[in-house]
Amino acid sequence: MKAQLLTRIGRLERDSRPLQEEEVTDPIPEAGEVLIQVAACGVCHTELDEIEGRTPPAYLPMILGHQVVGTIVELGPEVTEHRVGARVGVAWIYSACGGCSYCLAGRENLCRDFQATGRDHGGGYAELMKAPAAFVHPIPDGFNPTQAAPLLCAGAIGYRSWRLTGLRAGQSLGLAGFGGSAHLVVQMVQHVMPNAQIYVFARNPVERDFARNLGVTWAGDFGEQPPTPLDAIIDTTPAWRPVVQSLQYLKPGGRLVINAIRKQVEDQSELLKLDYAEHLWLEKQIQSVANVTRQDVREFLQLAAQAKLRPQTEIFPLSEANRALVELKMQGVVGAKVLVP
Ligand SMILES: [Zn+2]
Ligand SMILES: [Zn+2]
């Protein structure tokens, strides 16, 4: 099969072609695994974290990609819950141990043996991939593969982030950063909580216009004071400045949920502006989001089908994975990028 291989770790500014397309041996499904013919794979900011070494792959070369939609073409021994021809998706959670206290409590995202698709095992930047049958999700009808792919990470982790805000009907939600995840959160919240007020902070005027077109209450640049303090804010940026500013914009008792696997070091000095009275006192909370559970993925897929969520996508052939990654880093466009083999 054809695959895009990550062979070395480095900064994308210095090496704009970190992936190489090569012909590699087809994966063979072992007991409990299925083989999937990839129809689409979303491009995620976490891939940049892998390429640049903030969350490096378990081994090299690695096939990245953890928003995979495709068709089951072969079942390994002992697989009973899927059939050949079924349309399925694979998300960031590739596997978890199933026996630890976290797994048993439905918090498999925090399992010590959490394995990630496209980081600990080969992912979807390829024509074929294999995955454990128990961690493969049926894709509801009504989505084509390129529409469904961004739901598997941007959507599912957006869903988890929103659940962690504890937002209740009538409350206000801020979104710091407006990329692939945030625009799905807007559509989801509008469906589940039609009266919620949504405030968007985005650096790029195109992103602010995109947010306004989706019907948000207010959109401004980072550093612009929203018209009212907010009950919760989800930060999806790689930077620190939005963290400090978001804490300032929260109501007493408000919660900041940080949906980022790693933060970049470039603006870490912004943290020195943290003022206890202004940013933390009055029981403001900070909560990070780590990974997703299978339940997050499956609940979100159902919700997305009910709400008829249609992510805005930009399609690239698999052979242009490097260009998609560079454009993601430069944040030139809105919506979600998807690779098609
Ligand atoms: Zn992701
Ligand atoms: Zn576990």
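Rules used in this analysis
For every chain, the first residue of the written sequence is number 1, and numbering continues from 1 onward in sequence order. Whichever chain is written first is A, and whichever ligand is written first is 1; the rest continue in order. Local features in this predicted model are restricted to residues whose pLDDT is 70 or higher, and side-chain atom pairs enter the listing and the counts only when it is 80 or higher, whereas totals over whole chains, interfaces and linings include all residues. Secondary structure elements are taken from DSSP: a helix is a run of H or I of four residues or more, a strand is a run of E of two residues or more, and numbering for both begins at the N terminus. Each residue gets a C-beta atom placed from its backbone, and two residues are in contact if those atoms lie within 7 Å. Domains are outlined according to an automatic or database domain assignment. Polar here means any residue other than Ala, Val, Leu, Ile, Met, Phe, Trp, Tyr, Cys and Pro, which are nonpolar, and Asp, Glu, Lys and Arg, which are charged; Gly is therefore polar. Around each residue's C-beta, the other C-beta atoms within 10 Å are counted; 20 or more make the residue buried, 12 or fewer make it exposed, and counts in between make it partly exposed. All C-beta atoms are placed from the backbone. In this analysis an axis means a line fitted to C-alpha atoms, helices contributing only their contacting stretch, and an angle means the value between N-to-C directions, from 0 to 180 degrees. An angle below 35 degrees is treated as roughly parallel, one above 145 as roughly antiparallel, one from 65 to 115 as roughly perpendicular, and anything else as oblique. DSSP bridges decide pairing: two strands pair if at least two such bridges lie between them.

A. Looking closely at the environment of alanine 39. Looking at the secondary structure, you find alanine 39 in strand E3 (residues 33–43). Along the primary structure alanine 39 and leucine 339 are separated by 300 residues, whereas in three dimensions their C-alpha atoms are 8.6 Å apart. Filtering out sequence-adjacent residues up to four positions away, alanine 39 remains in contact with Val69, Gly70, Thr71 and Pro145.

B. The domain arrangement of the chain, seen in detail. Taken domain by domain, the chain consists of domain 1 (2–152 + 292–340) and domain 2 (156–288). Each of domain 1 and domain 2 has a C-alpha centre, and the two are 26 Å apart. Taken together, the contact pairs 23 residues of domain 1 with 18 residues of domain 2. In terms of residue class, the side of domain 1 that touches domain 2 is made up of 13 nonpolar, 6 polar and 4 charged.

C. Molecular detail of helix H7 (residues 241–249). Pro242, Val243, Gln245, Ser246, Leu247 and Tyr249 are the residues of H7 that are buried. Lining the buried residues of H7 we find strand E10 (172–176), strand E11 (197–201), strand E13 (230–235), strand E14 (250–258) and helix H8 (276–280).

D. Here's a closer look at the packing of helix H4 (residues 154–165) against helix H9 (residues 294–306). One can describe the packing of H4 onto H9 by two numbers: an axis separation of 9 Å at closest approach and a directional angle of 100°. Judged by the angle between their axes, H4 and H9 are roughly perpendicular. Two secondary-structure elements touch here, H4 through Gly155, Ala156, Tyr159 and Arg160 and H9 through Asp296, Val297, Glu299, Phe300, Leu303 and Ala304. Across the contact of H4 with H9, the residue classes tally to 6 nonpolar, 1 polar and 3 charged.

E. Structural context of unusual backbone geometry. Residue proline 61 follows leucine 60 across a cis peptide bond; omega there is -10°. With respect to the element layout, proline 61 can be found in the loop between helix H1 (45–51) and strand E4 (68–75). Positioned with a positive phi, glutamate 78 is a non-glycine residue whose angle comes to about 70°. Given 10 C-beta atoms within 10 Å, glutamate 78 falls into the exposed group. One non-glycine residue, asparagine 291, lies in the positive phi region at around 60°. With respect to the element layout, asparagine 291 can be found in the loop between strand E15 (285–288) and H9. When the 20 C-beta atoms within 10 Å are taken as the criterion, asparagine 291 is described as buried.

F. Just the environment of asparagine 213, in detail. By secondary structure assignment, the location of asparagine 213 is in helix H6 (residues 205–213). In sequence terms asparagine 213 and lysine 284 are 71 residues apart; their C-alpha atoms lie 31 Å from each other.

G. A look at the sheet that holds E11. Taking strand neighbours across the sheet as the criterion, the 6 strands line up as E12-E11-E10-E13-E14-E15 in an open arrangement whose pairing is parallel. The open sheet is flanked by strand E12 (218–220) and E15, the only strands paired with a single partner. Within this sheet the neighbouring strands show an average axis-to-axis angle of 15°, counted without direction. As paired strands, E14 and E15 are joined by 4 bridges and run parallel to one another. Paired with isoleucine 258 across the strands is serine 288, a residue of E15.

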